[in-house]
Amino acid sequence: MADQIEWIPLSVFAFFFALVTVMGFMAARWKSGDVSEHLDEWGLGGRQFGTWVTWFLVGGDFYTAYTIIAVPALVYAVGAYGFFALPYTIIVYPFVFAVMPLLWKVAHAKGYVTAADVVHGTHDSRALELVVALTGIVATMPYIALQLIGMGVVIKAMGLSGELPLVAAFVILALYTYSSGLRAPALIAFVKDVMIYIVVLVAVVVVPAKLGGYGAVFAAANDAFTAKGGATGLILKPSQMLAYATLALGSALAAFMYPHTLTGVFASKSADTIRKNAILLPAYTLLLGLIALLGYMAHAAHIQVSSPNDVVPMLFKALFPSWFAGFAFSAIAIGALVPAAVMSIGAANLFTRNIWKSYVNPDITHAGEASVAKIASLVVKVGALAFILFLPTQYALDLQLLGGLWIMQILPSLVFSLFTRWFRAEGLLLGWAAGIGWGSWTAWSNGLKPLATISFGGDSYTFYVGLGALILNVAVAAVATVIVTWLSPAAQRDAPARS
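Residues numbered from 1 in each chain as written. Predicted model: local features only at pLDDT ≥ 70, side-chain atom pairs only at ≥ 80, totals over all residues. Heavy atoms only, no water.

**Student:** Quick rundown of the packing of helix α15 (residues 311-319) against helix α16 (residues 322-360)? Include the residues and the values.
**Tutor:** Put simply, α15 and α16 touch, their axes get as near as 8 Å, and they point 160 degrees apart. With respect to their mutual orientation, α15 and α16 come out roughly antiparallel. Pair α15 / α16 crosses with right-handed handedness. Residues Val312, Pro313, Phe316 and Lys317 of α15 pack against Phe324, Ala325, Ala328, Phe329 and Ile332 of α16. A per-class count over the contact of α15 with α16 returns eight nonpolar, no polar and one charged. (Axes fitted to C-alpha atoms, helices over the stretch in contact; angles between N-to-C directions. Helix = DSSP H or I, 4+ residues; strand = E, 2+ residues; numbered from the N terminus. Parallel < 35°, antiparallel > 145°, perpendicular 65-115°, else oblique. Left-handed = near helix turned anticlockwise from the far one by under 90°. Contact = heavy atoms within 4.5 Å. Nonpolar A, V, L, I, M, F, W, Y, C, P; charged D, E, K, R; others polar.)

Take a look at the structure:
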């Protein structure tokens, strides 16, 4: 990284950071509604976001700063395997189109704010509500920390050392999120997405032109992977195909179980808004494919880094004027602010509605809920900051991989009830425990890696642990539901009559 401060990119960066900070505080008065009077106003933006606002907001918190850093980094390191993010983001939108409008209708009709609200309303089980809420909060914390890692990478690329700049940026984020709630990231998402589109579209035209065209880019990447050997290359190895497919499918099923993506769904003003977004959001998949190609371009530009996460910043520093590098760094940093804000709001909503209101103060007012959520959002951000300051970066990444595994285990409790009421709460709770327990143990046994290998008939098969845990979850939930249903008539006969 740089040994001295790069003043030109830093000045451009500071300008855009100041711009979105002002927008963040002004957002409290955008789309009228007092954010202090009701959790719907602070945590869901008044449930009034239309197609375009929702498109920018969901895209903003789905395609994060760490995506822009990590996807090219993985492609740079291993090649084709890093492109699993593309089919994952293609698979997810039919799922959104089919499922999320139904979920929105339930939440809108009953005034639900969180996934755990929906689960409790459907199954009348405090235990199931609690585990869904805790799973969402725990899975979100390291995800916020990864946004900080993405921001930290570009701050260091400009020559700023130490953690103070990162802490200052996050304090500003915390303050305007506290002040404006979901309206802040919704408004800033417009700027963030436009900037990232400009950066990526310029990069995919200018960088290959400077490096001799895409033929030269792919040839250089192929030479680098051939020299490296192992499970790398422009084409998937046969042994990688099952892992690639299960990772893509599992990631797609997990994506809209996270509190931050569901917050974008609940904040929409209609079910049709969500359907339109499921049709329009694949435009981001095209963008993601172009972003991934930056990993190959780095090989053609002979970029050498100690960590693959530094690939994108160093590529822009090497091939672009310093002012445009500053613009790109601004886009990436703002790309961290939007999802980090929505993630902290989603986790705060869960804590307020499904822990504080359920167990501490059941008679809390709407204004009280908003106040508790504001404070909870600050605590969540402090916790995420602690990941970065006191734990090695690798731990945050490992925990985020576990987070995807964990959050997927709430899918049966949340989604199945939209189509059938056959599953019993007791069965879903046991299924959740089995999925969480087996998945966590398997990942831990493999050094917190997201993949596991089994042998069958003399052959070995590698697959995504999270998807395996979900299959176990559903199987246990189904068996337990059959048992509970079979036992319940006898239990009801023996139970005393209720008035």
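The rest of the description comes next.
**Student:** Break down the pattern of salt bridges for me, with residues and values.
**Tutor:** As enumerated under the stated definition, the model contains 10 salt bridges in all. With its nearest N and O atoms 3.6 Å apart, the salt bridge here joins Lys317 to Glu6. Placement of Lys317 in helix α15 and of Glu6 in the segment before α1 (7-26) is noted, with a sequence separation of 311 residues between them. Taking relative accessible area as the criterion, Lys317 reaches 26% and is therefore assigned partly exposed. Judged by its relative accessible area of 27%, Glu6 falls in the partly exposed class. Three or more residues are tied together by salt bridges with common partners; here these are Asp117, Arg353, Lys357 and Glu369. (Salt bridge = Lys/Arg side-chain N within 4 Å of Asp/Glu carboxyl O. Buried < 20%, exposed > 50% of the residue type's maximum accessible area, 1.4 Å probe, protein only.)

**Student:** Can you break down the pairing of strand β1 (residues 451-456) residue by residue, with the values?
**Tutor:** In the sheet, β1 pairs with strand β2 (residues 459-464) via six bridges, with the strands oriented antiparallel. Within the sheet, the bridge partner assigned to Ile454 lies in β2 and is Tyr461. Two successive antiparallel strands, β1 and β2, enclose a turn made up of two residues, where Gly457 displays a positive phi of approximately 60 degrees. (Pairing = 2+ DSSP bridges.)

**Student:** Explain the packing of aromatic side chains residue by residue, including any values.
**Tutor:** Inspection of every chain in the model, using the stated rule, returns 25 aromatic pairs. Between Tyr143 and Tyr258, the aromatic rings sit 5.0 Å apart at their centres with planes inclined by 75 degrees, giving edge-to-face as the arrangement. You can see Tyr143 sitting in helix α7 (residues 126-157) and its partner Tyr258 sitting in the loop between α11 (241-255) and α12 (259-266), a full 115 residues away along the chain. Each member of the pair, Tyr143 as well as Tyr258, is classed as buried. (Phe/Tyr/Trp six-rings, centres within 6.5 Å; stacked < 30°, edge-to-face > 60°.)

**Student:** An account of the side chain of Gln409 is requested, with residue identities and associated values reported.
**Tutor:** Counting through the fold element by element, Gln409 comes out in the loop between α18 (393-408) and α19 (411-415). Classification of Gln409 by relative accessible area gives buried; the value is 0%. In this view, Gln409 contacts Trp432, Gly435, Ile436, Gly466, Ala469, Leu470 and Asn473; residues no more than four positions away in its chain are not counted.

**Student:** Give me α12: which residues, what numbers.
**Tutor:** Along α12, eight of the eight residues are buried, which leaves the element largely enclosed by surrounding structure. If you check which residues of α12 are buried, you get Pro259, His260, Thr261, Leu262, Thr263, Gly264, Val265 and Phe266.

**Student:** Break down the nonpolar core for me, citing the residues and quoting the values.
**Tutor:** Counting residues in hydrophobic clusters, the biggest one holds 181 residues, and the most contacted among them are Met100, Phe256, Met257, Tyr296, Met297, Phe316 and Leu414. Here this core gets 21 residues from one element, more than from any other, and that element is α16. Met100 has contacts with Phe95, Phe256, Met257, Leu262, Val265 and Ile274, leaving out every residue within four places of it along the chain. (Core = buried A, V, L, I, M, F, W, Y, C linked by side-chain atoms within 4.5 Å.)

**Student:** Now, about helix α3 (residues 51-62): what can you tell me, with residues and values included?
**Tutor:** Relative to the 16 Å expected for 12 residues at 1.5 Å per residue, α3 spans 16 Å between its end C-alpha atoms, a close match to the ideal helical length. Counting buried positions over the 12 residues of α3 gives 11, a clear majority of the element. Listed in full, the buried residues belonging to α3 are Thr51, Val53, Thr54, Trp55, Phe56, Leu57, Val58, Gly59, Gly60, Asp61 and Phe62. (Expected span 1.5 Å × (residues − 1).)

**Student:** Tell me what's going on with a nonpolar patch on the surface, and back it up with residues and numbers.
**Tutor:** A cluster of nonpolar side chains, contributed by Trp52, Phe97, Ile279 and Leu280, occupies part of the molecular surface with about 420 Å² of accessible area. By secondary structure assignment, the location of Phe97 is in helix α5 (residues 85-110). A relative accessible area of 39% means that Phe97 is categorised as partly exposed. (Patch = residues over 30% accessible without salt bridge, like charges linked within 9 Å, V, L, I, M, F, W, Y side chains within 5 Å. Areas by Shrake-Rupley, 256 points an atom, 1.4 Å probe, with all protein chains shown as cover.)

**Student:** Hey, could you go over unusual backbone geometry for me, with residue numbers and the actual values?
**Tutor:** Phi is positive for Asp124, which is not a glycine, with a value near 50 degrees. In this structure, Asp124 sits in the loop between α6 (115-123) and α7.

**Student:** Quick rundown of the packing of helix α9 (residues 183-211) against helix α10 (residues 214-228)? Include the residues and the values.
**Tutor:** Packed helices, taken two at a time, are described by their axes: the angle between them and the distance between them. At a minimum axis separation of 7 Å, α9 and α10 run at an interaxial angle of 75 degrees. With respect to their mutual orientation, α9 and α10 come out roughly perpendicular. Where α9 approaches α10, its residues Val204, Pro208 and Leu211 are matched on the opposing element by Tyr214, Ala216 and Val217. Classifying every residue of the contact of α9 with α10 gives six nonpolar, no polar and no charged.

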